[in-house]
Amino acid sequence: MVEGRILKVSGPLVIAEGMREANMFDVVRVGDDRLIGEIIEMHGDRASIQVYEETAGLGRGDRVVSTGAPLSVELGPGLLKNMYDGIQRPLSTMFEKYGPNLIRGIDEPSLSRSATWEFLPAAAPGDLLGPGDLLGYVQETEVIRHAILLPPGMQGRLLSIQPGTYTVTDTVGTLERENGDTVPLTLMQKWPVRIARPYREKLPPTEPMITGQRVIDTLFPIAKGGTACVPGPFGSGKTVVQHQLAKWSDVDIVVYIGCGERGNEMTDVLHEFPELTDPRTGRSIMERTVLIANTSDMPVAAREASIYTGITIAEYFRDMGYSVAVIADSTSRWAEALREMSGRLEEMPGEEGYPAYLTSRLAQFYERAGKVVCLGADGRIGTLSAIGAVSPQGGDISEPVTQATLRIVKVFWGLESSLAYRRHFPAINWLSSYSLYKSRLSDWYTAHISRDWDKQINECNSLLQSENELQEIVKLVGVDALSPTDRLVLETAQSLREDFLQQNAFEDGDSYSSLEKQAALLSLILSFYHKAQRALDEGASVQAIADLPVREKIGRAKSLPDDSYVLRYSEIGREIDAQLAALTAAEEEAI
Amino acid sequence: MLGRVFSGMGEPIDGGARIIPEATPDINGTPINPAARDYPDEFIQTGISTIDGLNTLVRGQKLPIFSGSGLPHADLAAQIARQARVRESDAGFAVVFAAIGITFEEADFFISDFKKTGAIDRTVLFINLASDPAIERISTPRMALTAAEYLAFTRNMHVLVIMTDITNYAEALREVSAARKEVPGRRGYPGYLYTDLATMYERAGRKVTGSGSITMIPILTMPEDDKTHPIPDLTGYITEGQIILSRDLYRKGCLPPIDVLPSLSRLKDKGIGPGRTREDHAGTMNQLFSSYARGKEAKELMVVLGEAALTPLDRLYARFADEFERRYVHQGFYENRSIEQTLDLGWELLSILPKSEMKRIKPDILEKYWPKK
């Protein structure tokens, strides 16, 4: 064990001497309070240590002890439904034991050592097992069956395995390695957070992640195993979008990282998620959620670690063959934590004071996402999707974090304050956002939703694009200067914006919209447009078409409940026909 | 402590006796465990329509006022301190007031206003004037927050913390940072400005372990009214919304000149609705927002093209926007409207528009509340 002495303290950075024997990224305990830190730079005898807790009270000459192990997370049953801080300490347990405020130097195991789990073996003694092979199962929550796998790097012959009730540290079986050593097997394993967990092969993503959000699923879809970012100025609804994704996405596991954000937002998640039911399983969505919270008043260095802690936990579930989504709010705070440490290390700054390695660190994070063939003999396929919010300063997306992120991720949902001011939510700009998965996913949509899918989306896009151009003209010369056809385009685009793209996260019927309902609603609006075009040709006036009472019904169609919308939509369809026919008939009579 | 005036370092400056301490906590505080927080959802009636109706304040929220030089933010803050009530109870809040680097006159305005209304008896003041040392400015808000935490979490009181002016605080922080030769971030402010502000703002809230709460209203003046300046920008990323004052409205004589469109309260959705305010609150709120936004667009168009170029509907919207500013926004600093008055006024203004435009309001609510003529 290496022991050194503190030489200098600067905020979360501590420099210690006498650390020659320590290794890069070793976890160290600093001072008499045994604060947790990590070595991030070695220079001869001196080590720079980022300390994950408030450093007030540390002084020169205080002891620094290396543990000799890198920063790791504990992986095993008990992760779900829990909330952890940036270095995976369980916040609820800490609240019960140490009171409502966070004090320093707490040592609390991530996974409860007293909770017991019912273990069912799936392998038999004598089996030859390799890394990632299945040992057995633990039913962790009603919806999630936690697969216990042989950790990466281990292989050999299984000597014994016993069903029964165990804590995470109890021995459930033993393995004989090729060199003859026997290793006890437990439900829990450890993994260093900065190293991506291995898999056998990466595959291109081909299936959409259905989020129940119309503007996302229809216009800018994300694939399972894909990456996306949500940049937006404050007040544009980033957090609501992220919460919506965490609530409604059709993935098996969600890891939600609150990175440098508000404490009340995490509390909101903690209070709200247990009450919400997953539309697919009918169970509380908390049963598939892991929360990582480093709120903005918690120490900065742990913010840097929180992202890695979260994605490592996500990879662990991916290795079981689940589809997992990591949602990080917000990666800008993580980048700022990097910047703060870099500044204190007196490194040469890159753009806007961010370190030059910002881009490569971001790329490393997002590259841990993907659709993979997991380790193990059965060739399970797991997906890990990563979605990061970005908080550009002043809403200006030309800043380094947004630009570095955009070079890596495939989906860009750009939030805009002007839309938010008009209470158009989600405030995703339909002209500047993009998804590079569109063409890859179009086969899936064509096969599962409708053959016209691509055509309808293109029409929707071109209507919104023409509206943008026509608005320019209207601003110059007024709406009267437009031809009736163009005015109909404006009316339809408005309807698309208000009746389709807008979605109220706080209204029960509207918060989640199934893909079938999205498709039906879109074709309802477009069919009105086509029929109105025909009526226009037959002499009806634009104003009369715009004033039709059925349009109000279209406006309310989005909040119809999932079980009855089919019937009501066809009724509305018939009303459209009837009212337009009446209009043209009246026109003919007038002539 | 209540009723007393202290310096920025916590020394009494009102000529009274020294405090005999019951506790001497560290003014830097410790972060609240998110698992121990209670979600703020109790409606606070401030008596100001634009806040109650559209940007609702709840107990335990941190809602800053973004202002500019020469705008009446002090009057607004004093009005909130005077009128803030939780419904079904007449008990006011204990007020902790931190003056950070403001002039004597501004500080005097608050003190005499509190004295005039008798609020001084439930107020603790920490005063750091512009002439006091800058370094004290860094401790002033922390002194005030520590006092607030004591009142809220040890004494179970409901505390309203008003801090003015955060811009002076950030300048003091920059001064100290420059003296320490630290690498500057944007506009010379230190790179840890976000973290530093967050450790103050995040001390607002409620805990599940007690009944007290800290509601925080920091006031900051935006240099050149620029919302993207680092101080308002970083504040906006931490706080739960913002109230923005507009120079245009002030020139038009709207008091308080709250610009409702960019203003926002993130916690409003949980604090309104049946049992808290009234069932029609959420719908009318969204409808007023979107109608006012459309009305303002129509008015801009009118400036370019003249009134004749507008469709009849847009003309109605333009009229709605005018009436909205004249009657809903403008109410003066001494009118105290109940939430029912605010909601009814909202309906009255919405009835300028045709009923078919009320797309944000549920049909049954629309039938029940739509004014019969």
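As the structure is a prediction and not an experimental result, all values here were calculated from the model.

In terms of helices and strands, chain A carries 17 helices and 26 strands. Computed over C-alpha atoms, the radius of gyration of chain A comes to 28 Å, within 12% of the 25 Å expected from 2.2 N^0.38 for 591 residues, which places it in the range of a compact globule. Projected onto its principal axes, the C-alpha positions of chain A cover 100 × 55 × 40 Å. Within the span of chain A, comprising 591 residues, buried residues form 60% of the whole. Long-range contacts, defined here as pairs at least 24 residues apart, represent 69% of the contacts in chain A between residues at least 6 apart. Only carbon and sulfur atoms are counted for the fraction: they give 50% of the accessible area of chain A, which is about 22,200 Å². In chain A, which carries 58 positive and 82 negative side-chain charges, the distance between the mean positions of the two groups comes to 3 Å.

A tally of helices and strands in chain B yields 13 helices and 13 strands. Taken along the three principal axes of its C-alpha coordinates, chain B extends 65 × 45 × 40 Å. For chain B, with 373 residues in total, the buried portion stands at 60%. Put simply, of all contacts in chain B between residues at least 6 apart along the chain, 74% involve residues at least 24 apart. Summing over all exposed atoms, chain B offers an accessible surface of approximately 14,000 Å²; the carbon and sulfur share of this is 52%.

Below, the discussion takes up the sheet that holds strand β13 (residues 156–161) of chain A. Residue and element names in this part refer to chain A. Taken together, the four strands give an open sheet; going across it, the order is β10-β13-β15-β16, and neighbouring strands pair in antiparallel fashion. Of all the strands in the sheet, the pair left with one neighbour each is β10 (128–129) and β16 (182–186). Relative to strand β15 (residues 171–176), β13 is paired through four bridges, and the arrangement is antiparallel. Following the sheet pairing, Leu158 is matched in β15 by Leu175.

With that out of the way, let us pick up a nonpolar patch on the surface. On the surface, a cluster of nonpolar side chains totalling about 290 Å² of accessible area is made up of Ile473, Leu476 and Val477 of chain A. Tracing the backbone through its elements, the reader meets Ile473 of chain A in helix α11 (residues 453–477).

Residues and elements named next belong to chain B. This structure, assessed with the given rule, holds 20 aromatic pairs over all chains. Their ring planes at 80° and their centres at 6.0 Å tell us that Phe97 and Phe114 sit as a pair that is edge-to-face. Linking Phe97 in strand β7 (residues 94–102) with Phe114 in helix α3 (residues 104–117), this pair joins segments that are 17 residues apart in sequence. The exposure class of Phe97 is buried, given its relative accessible area of 0%. Assessed through its relative accessible area of 2%, Phe114 is described here as buried. Measuring from centroid to centroid gives 5.5 Å for Phe109 and Phe110, while their planes differ by 75°, and the two rings are edge-to-face. For Phe109, a relative accessible area of 27% corresponds to the partly exposed category.

A word on the state of the cysteines. This model, assessed by the stated rule, comprises zero disulfides over all chains. Considering cysteine sulfurs only, Cys229 of chain A is the nearest to Cys259 of chain A, which forms no disulfide, with 15 Å between them.

Looking now at the nonpolar core. All names here are of chain A. One finds Leu219, Ile387, Trp413 and Ile545 to be the most contacted residues of the largest nonpolar core, which totals 92 residues. With twelve residues, the single largest contributor to this core is helix α14 (residues 515–537). Sequence-distant contacts of Ile387, that is, excluding residues within four places in its chain, are made with Met209, Ile222, Ala228, Val230, Gln242, Leu245, Val326, Ile327, Ala328 and Trp413. In this structure, Leu80, Val168, Met188 and Trp334 belong to the second largest nonpolar core, which totals 75 residues.

On to the sheet that holds strand β4 (residues 57–58) of chain B, then. Strand pairing in a sheet takes place through backbone hydrogen bonds and is either antiparallel or parallel in direction. Residue and element names in this part refer to chain B. The strand order across the open sheet formed by three strands is β4-β3-β6, and the pairing between neighbours is antiparallel. Edge positions in the sheet fall to β4 and β6 (85–86), since each has one partner strand and no second. As defined by bridge partners, strand β3 (residues 43–45) adjoins β4 across two bridges and the pair is classed as antiparallel. Looking at β4, one finds that Ile44 is bridged to Leu57.

Once that is clear, we can look at the pattern of salt bridges. Counted by the stated rule, this structure contains 68 salt bridges over all chains. Ionic pairing is found between Glu38 of chain A and Arg194 of chain A, a salt bridge with its closest N-O pair at 2.6 Å. Taken together, the residues span a long stretch of sequence, with Glu38 of chain A in strand β4 (residues 35–43) and Arg194 of chain A in the loop between β17 (189–192) and β18 (201–203) at a distance of 156 residues. For Glu38 of chain A, a relative accessible area of 1% translates into the label buried. Overall, the relative accessible area of 23% leaves Arg194 of chain A in the partly exposed class. A salt bridge links Lys247 of chain A to Glu272 of chain A; its shortest N-O distance comes to 3.1 Å. Residue Lys247 of chain A is found in helix α3 (residues 238–248), and its partner Glu272 of chain A is found in helix α4 (residues 263–272); the two are separated by 25 residues along the sequence. Exposure remark for Lys247 of chain A: the relative accessible area of 6% places this residue in the buried category. By relative accessible area, Glu272 of chain A is classed as partly exposed at 22%. Connected through shared salt-bridge partners, Asp38, Asp41, Glu42, Arg59, Arg206 and Arg276 of chain B make up one network.

The next thing to look at is the interface of chain A and chain B. How big an interface is tends to be expressed through the accessible area that disappears when the partners come together. Facing 61 residues of chain A, the contacting portion of chain B comprises 65 residues. Taking both sides of the interface into account, the surface hidden between chain A and chain B amounts to around 5,200 Å²; carbon and sulfur atoms contribute 53%. On inspection of chain A and its partner chain B, the count reaches four salt bridges. Between Asp268 of chain A and Lys270 of chain B there is a salt bridge whose closest N-O contact spans 2.8 Å. Taken together, the connections running from chain A to chain B amount to 24 residue pairs in polar contact (both at pLDDT 80 or more). Of all elements in the fold, only α1 (91–98), α4, α5 (300–318), α6 (331–344), α11, α12 (484–501) and α16 (550–556) of chain A reach the threshold of two or more residues within the side of chain A that touches chain B. The element that contributes the greatest number of residues to the side of chain A that touches chain B is α4 of chain A, accounting for eight residues. Split into classes, the residues belonging to the side of chain A that touches chain B amount to 20 nonpolar, 19 polar and 22 charged.

Rules used in this analysis
Residues numbered from 1 in each chain as written. Chains lettered and ligands numbered in written order. Predicted model: local features only at pLDDT ≥ 70, side-chain atom pairs only at ≥ 80, totals over all residues. Heavy atoms only, no water. Helix = DSSP H or I, 4+ residues; strand = E, 2+ residues; numbered from the N terminus. Rg over C-alpha atoms; globule rule 2.2 N^0.38 Å. Buried < 20%, exposed > 50% of the residue type's maximum accessible area, 1.4 Å probe, protein only. Contact = heavy atoms within 4.5 Å. Areas by Shrake-Rupley, 256 points an atom, 1.4 Å probe, with all protein chains shown as cover. Lys, Arg positive; Asp, Glu negative; His and termini not counted. Charge placed at Lys NZ, Arg CZ, Asp CG, Glu CD. Pairing = 2+ DSSP bridges. Patch = residues over 30% accessible without salt bridge, like charges linked within 9 Å, V, L, I, M, F, W, Y side chains within 5 Å. Salt bridge = Lys/Arg side-chain N within 4 Å of Asp/Glu carboxyl O. Phe/Tyr/Trp six-rings, centres within 6.5 Å; stacked < 30°, edge-to-face > 60°. Disulfide = S-S within 2.5 Å. Core = buried A, V, L, I, M, F, W, Y, C linked by side-chain atoms within 4.5 Å. Buried area = accessible area lost by both parts, 1.4 Å probe. Polar contact = N/O pair within 3.5 Å; in protein donor to acceptor, adjacent residues only side chain to side chain. Nonpolar A, V, L, I, M, F, W, Y, C, P; charged D, E, K, R; others polar.

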